[in-house]
Amino acid sequence: MIGIINYGAGNIFSLTAALDRVGLTYGMINTAEEMDLYDRIIIPGVGHAGAAMNKLRESGLVPYIKALRKPVLGICVGMQLLTDYSEEGDADLLKLFPLKTLHFETRVAGKVPHMGWNSVSVQANNPLFANIADQTYFYFVHSYYIEYDTIFTAAKCDYGLPFSAAISKDNFFGVQFHPEKSGKAGEQLLLNFSTIQLD
Amino acid sequence: MLAKRIIPCLDVKDGRTVKGVNFVDLRDAGDPVELAYEYSQQGADELVFLDITATHEGRKTTIDLVKAVARQVNIPFTIGGGINEISDADILLNAGADKISINSAAVRNPELINQMAAAFGAQFVVVAVDTRSIEGEDFVHLSGGRIKTEINTLDWIREAQERGAGEILLTSMDHDGTKNGFDNKFLKAINDRIHIPLIASGGAGNQQHFIDVFQQANVDAALAASVFHYGEILIPDLKQTLHQHGIVVR
């Protein structure tokens, strides 16, 4: 069963609705003890990365999240929290990936936010993208992005520059797009996460 | 590549779609949830619900509708109409709406845009603008285009952008309902001068109109209602045509 970190950063109705649609069960995690109830964990998040990190710190869950050895999926800002640092709020984050979260605005000519459906190239046989074709479209809406990295980027997207549509390292996964709003492909990705087995 | 978006727009009143729909064998052509689901299956990229409910009781029904759509539909959707204050938006966000669209309320109280962007993030705030050209100048209109203001349309759109709008939904009243095509020249003029996504609305009558608006105005999305509801344009066909013309679609 999936545990959702409930730290007050944004609405999770869409996420739970998507899990319901694909028949996955879930519960909410409010305390460190509740982490033990689930075999995999989702960190949701919308809005401001710095503000979200502050809320996560206030929840007291940070050290427990960092110590997790079961599959963890960060979504959107929840993914950005996994990185070292965000320019949004000049914030230090969980430092689970040696990557930075940067602002599009000064770096690309295109419109910001990057909003809509964009195609992603899956970098290797990542289990998160099982049964999802290369160049599949997912729904994005964000003004900050995680830099592209040859090691940790699991799926690459281009918006004036290459960036990480998905990252993966050991048991930690993150997606910048919204699987809960990305049609059938997004639902497949949630199903994939529910069955990921770590080596 | 970021795809151009196709957005069907549904008018709802007291939780039911207002205009008839006859493009598929729906059990209940008035059920917006069933219709929204059907559009999502056809490949619509996003949906807009325009709520024209006047009564408080009807509003509650709308909230239930938003929840039902959020549960059953796997693409993003915007709800607009009757949103006048932060609390209205908050209720819709918590019911599962991805974005809200504000129109007249933002013109009457521009600070509302700042407040909503600060509270929910710019990506949640679509500012809808109804415009009409009068003797060569473009003016913002309110209440579905019935009331003229003295506000220049480009000035207002720029102000909305600076105040934190995440996206602009621009309806050309002179084109709306004509089925003669989008207001491409004006849309391009606006699009060239803003740095947030622009949704074109008003005038779609055939597939060529969508090709034109993307090629000539390079807008991010195109919205239409009746051509989709009456099956005059099927979304899979439209996507294929756009693709054949080199326009990136999902």
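Worth saying up front: this structure is predicted, and the values here are computed from it rather than measured.

Basis of the calculations
Along each chain, numbering runs from 1 in the same order as the chain's sequence is written. Labels follow written order: the first chain is A, the first ligand is 1, and so on. Given that the model is predicted, a residue must reach a pLDDT of at least 70 before its local features are reported, and side-chain atom pairs must reach 80 or more before they are shown or counted; all residues, however, enter totals for whole chains, interfaces and linings. Calculation of side-chain values draws on the structure's entire complement of heavy atoms; hydrogens and water are dropped beforehand. Each patch groups residues whose relative accessible area exceeds 30% and which form no salt bridge, using 9 Å between like charges and 5 Å between nonpolar side chains of Val, Leu, Ile, Met, Phe, Trp and Tyr. Every accessible area reported is derived by Shrake-Rupley at a probe size of 1.4 Å, with residue values counting cover from the shown protein chains alone. In what follows, salt bridge is the name for a side-chain nitrogen of Lys or Arg lying within 4 Å of a carboxyl oxygen of Asp or Glu. Elements are defined by DSSP. Helices are runs of H or I of four residues or more, strands are runs of E of two residues or more, and each kind is numbered from the N terminus. Whether two residues are in contact is decided by their heavy atoms: any pair within 4.5 Å suffices. In this description, buried area is defined as the sum, over both parts, of the accessible area (probe of 1.4 Å) that is lost when the two are combined. Here a polar contact means two N or O atoms within 3.5 Å. Within protein one must be a hydrogen donor candidate and the other an acceptor candidate, and residues neighboring in sequence count only if both atoms are side-chain atoms. Residues were grouped as follows: Ala, Val, Leu, Ile, Met, Phe, Trp, Tyr, Cys and Pro as nonpolar; Asp, Glu, Lys and Arg as charged; and all remaining residues, including Gly, as polar. The rule is simple: take the accessible area with a 1.4 Å probe, protein chains only, and divide by the maximum for that residue type; under 20% is buried, over 50% is exposed, in between is partly exposed. Strand pairing is assigned whenever DSSP identifies at least 2 bridges connecting the two strands. UniProt positions are given in the numbering used here, feature names are shortened, and annotations may be inferred rather than shown by experiment. In this analysis an axis means a line fitted to C-alpha atoms, helices contributing only their contacting stretch, and an angle means the value between N-to-C directions, from 0 to 180 degrees. Reported orientations rely on four angle classes, namely roughly parallel under 35 degrees, roughly antiparallel over 145, roughly perpendicular from 65 to 115, and oblique for the rest. Note: crossing handedness is left-handed where the near helix turns anticlockwise from the far helix by less than a right angle, and right-handed where it turns clockwise.

## Quick notes on a nonpolar patch on the surface
Phase 1: Side chains of B:Val18, B:Leu50 and B:Ile52 sit close together on the surface and give an oily, nonpolar patch of about 230 Å² of accessible area.
Phase 2: Its place among the elements puts B:Leu50 in strand 3 (residues 47-51).

## Here we look at the interface of chain B and chain A
Phase 1: Taken residue by residue, the interface counts 35 residues in chain B and 24 residues in chain A.
Phase 2: Summed over both sides, the interface of chain B with chain A buries roughly 2,400 Å², with 55% coming from carbon and sulfur.
Phase 3: When residues of chain B are sorted by the area they lose upon contact with chain A, B:Leu2, B:Asn74 and B:Arg250 head the list and together hold 27% of the total.
Phase 4: We note a salt bridge from A:Lys111 to B:Asp220, for which the minimum N-O separation is 2.6 Å.
Phase 5: Across the chain B-chain A interface, the total number found is 15 residue pairs in polar contact (both at pLDDT 80 or more).
Phase 6: Going through the elements one at a time, helix 2 (56-72) and helix 3 (86-94) of chain B are the ones with two or more residues in the side of chain B that touches chain A.
Phase 7: No other element matches the four residues that helix 2 of chain B contributes to the side of chain B that touches chain A.
Phase 8: In terms of residue class, the side of chain B that touches chain A is built from 16 nonpolar, nine polar and 10 charged.

## What about the pairing of strand 8 (residues 114-122) of chain A?
Consecutive residues of a regular strand have side chains that alternate between opposite faces of the sheet.
Residues and elements named next belong to chain A.
Phase 1: Across the nine residues that make up strand 8, a large majority, eight, are buried.
Phase 2: The pairing of strand 8 with strand 9 (residues 137-142) spans six bridges and is classified as antiparallel. Bridging from a neighbouring strand, Asn 118 pairs with Phe 138 of strand 9.

## Regarding the side chain of A:His142
Residue and element names in this part refer to chain A.
Phase 1: With respect to the helices and strands, the residue His 142 is situated in strand 9.
Phase 2: Accessibility expressed as a relative area gives 5% for His 142, which makes it buried.
Phase 3: Here the side chain of His 142 touches Tyr 144 through a polar contact of 2.7 Å, landing on its backbone oxygen.

## What to know about the environment of A:Leu56
Residues and elements named next belong to chain A.
Phase 1: You can see Leu 56 is positioned in helix 2 (residues 49-59).
Phase 2: Considering only alpha carbons, one finds Leu 56 and Ser 143, 87 residues apart in sequence, at a separation of 21 Å.
Phase 3: Once you skip the residues sitting within four places of it in the chain, Leu 56 turns out to touch Ile 5, Tyr 7, Leu 61, Val 62, Ile 65, Leu 81 and Leu 94.

## As for the sheet that holds strand 10 (residues 144-146) of chain A
Hydrogen bonds along the backbone pair up the strands of a sheet, which may run parallel or antiparallel.
Residue and element names in this part refer to chain A.
Phase 1: Spatially, the four strands line up as an open sheet ordered 6-5-7-10, and their pairing is mixed. Both outer strands of the open sheet, strand 6 (91-92) and strand 10, are each paired with one neighbouring strand and no more.
Phase 2: Where strand 5 (residues 83-86) lies against strand 6, two bridges are found, and the strand directions are antiparallel. Along strand 6, the bridge assignment pairs Tyr 85 with Asp 92.

## With respect to the environment of B:Thr241
All names here are of chain B.
Phase 1: Within the secondary structure, Thr 241 is located in helix 10 (residues 235-244).
Phase 2: With 30 residues separating them along the chain, Thr 241 and Ile 211 place their C-alpha atoms 8.2 Å apart.
Phase 3: Those residues in contact with Thr 241 that lie beyond four places of it in its chain are Gln 207 and Ile 211.

## Here's the deal with the UniProt feature "active site" (unreviewed entry) in chain A
All names here are of chain A.
Phase 1: The UniProt record marks Cys 76, His 178 and Glu 180 with the feature "active site" (unreviewed entry), using the residue numbering of this structure. In summary, the annotated positions, though distributed over 105 residues, converge in three dimensions, the widest C-alpha pair being only 11.0 Å.
Phase 2: Assignment of secondary structure puts Cys 76 in the loop between strand 4 (72-75) and helix 4 (77-80).
Phase 3: Residue classification places His 178 among the buried positions, given a relative accessible area of 8%.
Phase 4: Excluding residues that lie within four positions of it along the chain, His 178 makes contacts with Val 46, Ile 75, Cys 76, Tyr 139 and Val 141.

## Quick look at the UniProt feature "active site" (unreviewed entry) in chain B
Residues and elements named next belong to chain B.
Phase 1: Taking the numbering used here, the UniProt-annotated feature "active site" (unreviewed entry) corresponds to Asp 11 and Asp 130.
Phase 2: The residue Asp 11 is located in strand 1 (residues 5-13) in this model.
Phase 3: Assessed through its relative accessible area of 18%, Asp 11 is described here as buried.
Phase 4: Within the fold, Asp 130 resides in strand 6 (residues 125-134).
Phase 5: Residue Asp 130 is classed as buried on the basis of its relative accessible area of 8%.
Phase 6: Once residues lying within four places of it in the same chain are set aside, the contact partners of Asp 130 are Asn 103, Phe 139, Val 140, His 141, Gly 144, Gly 145, Thr 171 and Met 173.
Phase 7: A distance of 3.4 Å separates the side chain of Asp 130 from the side chain of Asn 103, its partner in a polar contact.

## What to know about helix 1 (residues 13-21) of chain A
Residue pairs spaced three or four apart in an α-helix point in one direction, given the helix's 3.6 residues per turn.
Phase 1: Burial runs high along helix 1 of chain A: seven of the nine residues are buried.
Phase 2: Downstream of helix 1 of chain A by one or two residues, A:Gly23 has phi in the positive range, about 80 degrees.

## Re the pattern of salt bridges
Phase 1: In this structure the tally under the stated criterion is 20 salt bridges over all chains.
Phase 2: We note a salt bridge from A:Asp158 to A:Lys156, for which the minimum N-O separation is 3.3 Å.
Phase 3: Note that B:Asp192 and B:Lys188 form a salt bridge whose closest N and O atoms lie 2.5 Å from each other.
Phase 4: Through salt bridges with shared partners, a single ionic network connects B:Arg5, B:Glu46, B:Lys99 and B:Glu167.

## Comments concerning the packing of helix 1 (residues 32-42) of chain B against helix 2 of chain B
Residues and elements named next belong to chain B.
Phase 1: The geometry of helix 1 relative to helix 2 is characterised by a closest axis approach of 9 Å and an angle of 30 degrees between their N-to-C directions. By the angle class used here, helix 1 and helix 2 are roughly parallel. As helix 1 runs across helix 2, the sense of the crossing is right-handed. The segment helix 1 lies against helix 2, with Pro 32, Val 33 and Tyr 37 engaging Leu 65, Ala 68, Val 69 and Gln 72.

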